[in-house]
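Coordinate analysis (summary)
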Amino acid sequence: MATAAEQWVLVEMVQALYEAPAYHLILEGILILWIIRLLFSKTYKLQERSDLTVKEKEELIEEWQPEPLVPPISKDHPALNYNVVSGPPSHNIVVNGKKCVNFASFNFLGLLDNPRVKAAALASLKKYGVGTCGPRGFYGTFDVHLDLEDRLAKFMKTEEAIIYSYGFATIASAIPAYSKRGDIVFVDRAACFAIQKGLQASRSDIKLFQHNDMADLERLLKEQEMEDQKNPRKARVTRRFIVVEGLYMNTGTICPLPELVKLKYKYKARIFLEESLSFGVLGEHGRGVTEHFGISIDDIDLISANMENSLASIGGFCCGRSFVIDHQRLSGQGYCFSASLPPLLAAAAIEALNIMEENPGIFLVLKEKCARIHKALQGISGLKVVGESLSPAFHLQLTDSTGSRDKDVKLLQEIVNHCMDRSIALTQARYLEKEEKCLPPPRRRTGESRAHDQGGGPGCAALGRVLGPGGRLPRGTRTGLWSLPCDLGEACVYLQGGHRAAWVWTAPNHEEDAGYF
Amino acid sequence: MVSSIRWFHRACYGIHNSFLLSSTLFSIFFLIHHVTQNGGLYKRPFNEAFEETPMLVAVLTYVGYGVLTLFGYLRDFLRHWRIEKCHHATERKEQQDFVSLYQDFENFYTRNLYMRIRDNWNRPICSVPGARVDIMERQSHDYNWSFKYTGNIIKGVINMGSYNYLGFARNTGSCQEAAAKVLEEYGVGVCSTRQEIGNLDKHEELEKLVASFLGVEAAMAYGMGFGCLILSDELNHASLVLGARLSGATIRIFKHNSEFDVEFTSEKVSVCVFFIHFASMEGSIVRLPEVIALKKKYKAYLYLDEAHSIGALGPTGRGVVDYFGLDPEDVDVMMGTFTKSFGASGGYIGGKKELIDYLRTHSHSAVYATSLSPPVVEQIVTSMKCIMGQDGTTLGKECIQQLAENTRYFRRRLKEMGFIIYGNEDSPVVPLMLYMPAKIGAFGREMLKRNIGVVVVGFPATPIIESRARFCLSAAHTKEILDTALKEIDEVGDLLQLKYSRHRLVPLLDRPFDETTYEETED
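Residues numbered from 1 in each chain as written. Chains lettered and ligands numbered in written order. Predicted model: local features only at pLDDT ≥ 70, side-chain atom pairs only at ≥ 80, totals over all residues. Heavy atoms only, no water.

This paragraph deals with the overall build of chain B. Within chain B, the secondary structure is distributed over 14 helices and 15 strands. Taken across its 523 residues, chain B has 67% of its residues classed as buried. Here the analysis covers contacts within chain B between residues at least 6 apart in sequence; of these, 75% occur between residues at least 24 apart. Surface accessibility of chain B: about 19,100 Å² in total, with carbon and sulfur atoms responsible for 55%. (Helix = DSSP H or I, 4+ residues; strand = E, 2+ residues; numbered from the N terminus. Buried < 20%, exposed > 50% of the residue type's maximum accessible area, 1.4 Å probe, protein only. Contact = heavy atoms within 4.5 Å. Areas by Shrake-Rupley, 256 points an atom, 1.4 Å probe, with all protein chains shown as cover.)

Turning next to the interface of chain B and chain A. Contact residues are listed per partner, giving 127 residues for chain B and 120 residues for chain A. Summing both partners gives a buried area of about 10,900 Å² for chain B against chain A, and 65% of it is carried by carbon and sulfur. Inspection of the chain B/chain A interface yields 3 salt bridges. Of the charged contacts in the structure, one is a salt bridge between Arg92 of chain B and Asp299 of chain A, with a shortest N-O distance of 3.5 Å. Inspection of the region where chain B meets chain A yields 30 residue pairs in polar contact (both at pLDDT 80 or more). Classifying every residue of the side of chain B that touches chain A by side-chain character gives 60 nonpolar, 41 polar and 26 charged. (Buried area = accessible area lost by both parts, 1.4 Å probe. Salt bridge = Lys/Arg side-chain N within 4 Å of Asp/Glu carboxyl O. Polar contact = N/O pair within 3.5 Å; in protein donor to acceptor, adjacent residues only side chain to side chain. Nonpolar A, V, L, I, M, F, W, Y, C, P; charged D, E, K, R; others polar.)

Two pairing modes exist for strands in a sheet, parallel and antiparallel, and in both the strands are linked by backbone hydrogen bonds. All names here are of chain B. Spatially, 3-4-13 is the arrangement adopted by the 3 strands of the open sheet, whose pairing is mixed. Bordering the open sheet on either side are strand 3 (132–139) and strand 13 (452–453), each of which pairs with just one other strand. Where strand 3 meets strand 4 (residues 148–159), 6 bridges bridge the pair, whose relative direction is antiparallel. Each bridged residue has a counterpart across the sheet, and for Val133 the counterpart in strand 4 is Val157. (Pairing = 2+ DSSP bridges.)

A few words now on the domain arrangement of chain B. Residues and elements named next belong to chain B. In terms of domains, chain B is made up of domain 1 (34–159 + 393–507) and domain 2 (174–392). With 30 residues of domain 1 at the interface, the matching set in domain 2 holds 28 residues. With both chains or domains summed, domain 1 and domain 2 bury close to 2,500 Å², and 55% of this area falls on carbon and sulfur atoms. For the domain 1 face of the interface with domain 2, the top three residues by lost area are Tyr42, Thr393 and Ile400, together amounting to 23%. Linking domain 1 with domain 2 are 0 salt bridges. Connecting domain 1 to domain 2 are 4 residue pairs in polar contact (both at pLDDT 80 or more). (Domains from an automatic or database assignment.)

Moving on to the UniProt feature "transmembrane region" (unreviewed entry) in chain B. With numbering matched to this structure, UniProt assigns "transmembrane region" (unreviewed entry) to residues 12–35 and 55–74 of chain B. The span residues 55–74 of chain B is 100% helix and 0% strand, and its two end C-alpha atoms sit 29 Å from each other. (UniProt positions renumbered as here; feature names shortened; annotations may be inferred.)

What follows deals with the packing of aromatic side chains. In the structure shown here, the tally under the stated rule is 25 aromatic pairs over all chains. With a centroid separation of 5.8 Å and an interplanar angle of 75 degrees, the aromatic rings of Phe338 of chain B and Phe342 of chain B are classed as edge-to-face. Of the two residues examined, Phe338 of chain B and Phe342 of chain B, each falls in the buried class. Here the aromatic residues Tyr178, Phe241, Phe272 and Phe323 of chain A together with Tyr102 of chain B are joined through ring pairs into a cluster of three or more. Its guanidinium or amino end placed over the ring of Phe147 of chain B, Arg138 of chain B lies 4.1 Å from that ring's centre, counting from NZ or CZ. The residue whose ring lies beneath Lys340 of chain B is Tyr163 of chain B, and the NZ or CZ to ring-centre distance is 5.0 Å. (Phe/Tyr/Trp six-rings, centres within 6.5 Å; stacked < 30°, edge-to-face > 60°. Lys NZ or Arg CZ within 6 Å of the ring centre and 35° of its normal.)

Once that is clear, we can look at the sheet that holds strand 15 (residues 467–472) of chain B. All names here are of chain B. Strand order in the open sheet formed by 3 strands is 12-15-14, with antiparallel pairing between adjacent strands. A single partner strand is all that each edge strand has here, and the edge strands are strand 12 (429–435) and strand 14 (455–457). For this sheet, the mean inter-axis angle between neighbouring strands, taken without regard to orientation, is 25 degrees. Sheet topology note: the strand 14/strand 15 ladder contains 3 bridges and is antiparallel. Residue Val456 lies in a different strand from strand 15, and its bridge partner there is Ala469. Lying on the sheet, helix 12 (residues 395–417) is in contact with strand 12 and strand 15; it crosses strand 12 at an angle near 20 degrees. (Axes fitted to C-alpha atoms, helices over the stretch in contact; angles between N-to-C directions.)

Here the phi dihedral of Asn96 of chain A falls at roughly 50 degrees; this positive angle occurs in a residue that is not glycine. Taking the relative accessible area as the measure of exposure, Asn96 of chain A reaches 48% and is therefore partly exposed. With a phi close to 70 degrees, Asn144 of chain B is a non-glycine residue in the positive phi region. Mapped onto the elements of the fold, Asn144 of chain B is located in the loop between strand 3 and strand 4. Residue Asn144 of chain B is classed as buried on the basis of its relative accessible area of 9%.

Now the structure itself:
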């Protein structure tokens, strides 16, 4: 039967050839000739394209003037001249020669100048020297690194931890170790820059959902599910990840982890959680957002955090089940290719963990202080606080944008300077405006220059009032003034929420601030 | 084996591709593979050799990989039917129905090849990574799937693996004392970024010193030396902003000494960047004088990555520019790391003031990453001052000299023994070719048995048949240490039949023996 049918098809084809109009045959003939020509013509070579003689080429080279390597930077670029901090960046800080109370560093637990941490680091320095002179693979693994990984895994109550020698590189290396081209990553629009870089390096498909909006995430997941049903073969090899932050660096808000975990199992997407800000802050024992919500850490596929905030050292770590984490030992670029963490920094981190384990009370103190400051910062005219009261980093935003980013930045800088005059060290949040992804377009010019006309006076005064009148400043609180990135750059990626912000945070190891709030 | 620098290159490529395909960077990668005549550009003889792989060795190497792959499939089959026990970690029960986190073929290599010789990497040490190290003894009872520490320490292993070129990895002496002092004053962390409130006076001091060390207008220090991921990205973006509007990034790999026929019409390319990378696995030195001549001809920008050469090359330790006696002005972007010669961590970029100003305002690291730890900065400052002779001693100079002597001596002796050694005679990175996969593991283990720690690397860090051992020389190595190491290498070389070279040098002969392998200008 089959052969008969095939024969019939053949006959039909021949017959169709007879019946076809002439123009059709001619066209097909040309196409066939064209294909033959393409097949037998010489391979395309770049050199052949150039009909220029050597002399012409040289003339062209002669005439040609290259563009400068980098565009010129105007002398008054806000970020060009850094503040210079003389001496240790601890509680009291000397900025540009002026003695201030430090409200601007991420030293949440005050461990930066802790004598125990220093002693541990010093002992390590005396044993191992400073550098490791090699990546982990090539005699750059020290016993201290193994200890630290072990301690971090135990602290987080999970199977394995892996340390990186640079906080920024941690999540930026971890994401591309798993998520490859063709995989799909659902990511919160407020994700921090390190996550953005990791996603960029992974070359995966990125789906952005509105900040902390679980309905929006579910909508995207559903869309993807529909897509998968259309192409089940592809869906079987397409990994899905949800990347969120515990406490968002850019907004000071907490991710709704319980809902995320539900969505994870419903739509079979793995959760990667960035906890740089929440590790050592949230939860009864400082284990971060999983402990805060009472969620088993096994439900989160990967947690990453840096050791540069609460732990007051340098570097970062990822932790989770061995099935997941171990893969990074060969695939985490920042792990494999960079020299390992100097042992003294690892030793400092271990001692900081000891302190955290021995005094779980510090997290409670920190929480109370955060709440108190959050309350106190309400009602400053011209500035509003964004973010959770639990967050040790508060963003202060201008209530009325001047409508122009530059003006807003200037206004905030005036506030910072004003505070600096009153011995409060603050800092504006710095962003690479051109590279932060998908920033909202500049706000409409509502209330343009109103805040600016007021010269920042009320805002400043109020901030000064809140933070402590005159020279009497609340010791132990830390404030930073941050602006969120605004202008829409030409580069691509995620998001940013509001406009101007500042943040304030606090350390629990100082006693006196209570009186001021 | 898996972690290594060729991957790093691949990573660079990856990043170039991913970040730049849409960009318009015209970048050119050099890979250096052949010895050529020295032109008039060189002030000193330039001897670099990459002896061809003997045919039989190449065939046997492929056969070796073939056998390994076959056995790999066989064992995967056995594991699948649970005849062989699986040792690797598995997915949680609750997530069995998720899309698999790893592709199976991704791990084939790891499972069946790497796992057999995994004990040669990540060997934990518990002392200063100086000329000798203490290694923690470990055992595996499940064919390298997991390791148990026996609690014993293998003391005084000769360290041929660390990038401690100038011997600054020490726990005594002026650098350590200065770092300790800073540590007590500043603490270890910074808890902020450069642009916010993490710019310490120490960082400013470091950057001024680095600029004067390199002979450039300005420099910027970074927390992380492993450059490409972050650093070159920034510069690429810098170029991108200006960028020539090509329809895609053109990355061309030039075999060295091939004709640079740059398609050069002014509408097409407006910024041309030569991106020079050192292959740390090759032990070669870039032919910078030629590159600079080309750069001048085509008015391109030159981006020089000196991760391995800074401190280790040149009569005053200023890297490859110093080695050739060139003007640092001719290099537009100088990049390097503090992790190696300076025994610290982090990296730098040096160049014109405008470039550095741009980086200070636009670099990811300055805006988002925590700045360098103060004691680490102090280590860099003191070691750099020592190299520059600013500490009032000649210690730095002696170290540089010692390293150069060690390098020449060690390389010559290995060649005399009949090993195939890649690279330049002045490069302190000495690759000894092993070729066959089985010999990677055997060499690493035999050397450790003889109390010598070496680095062995294979695919994907190197081309598939060019597995090798790599020795990093250090000024801390004494002649006695080197002689001990050489004696053992000689023995292991005989044992494993590693002496592949067909151009055996006559011992202590001053002139190179075979002109096809070694060419030297007579003048």
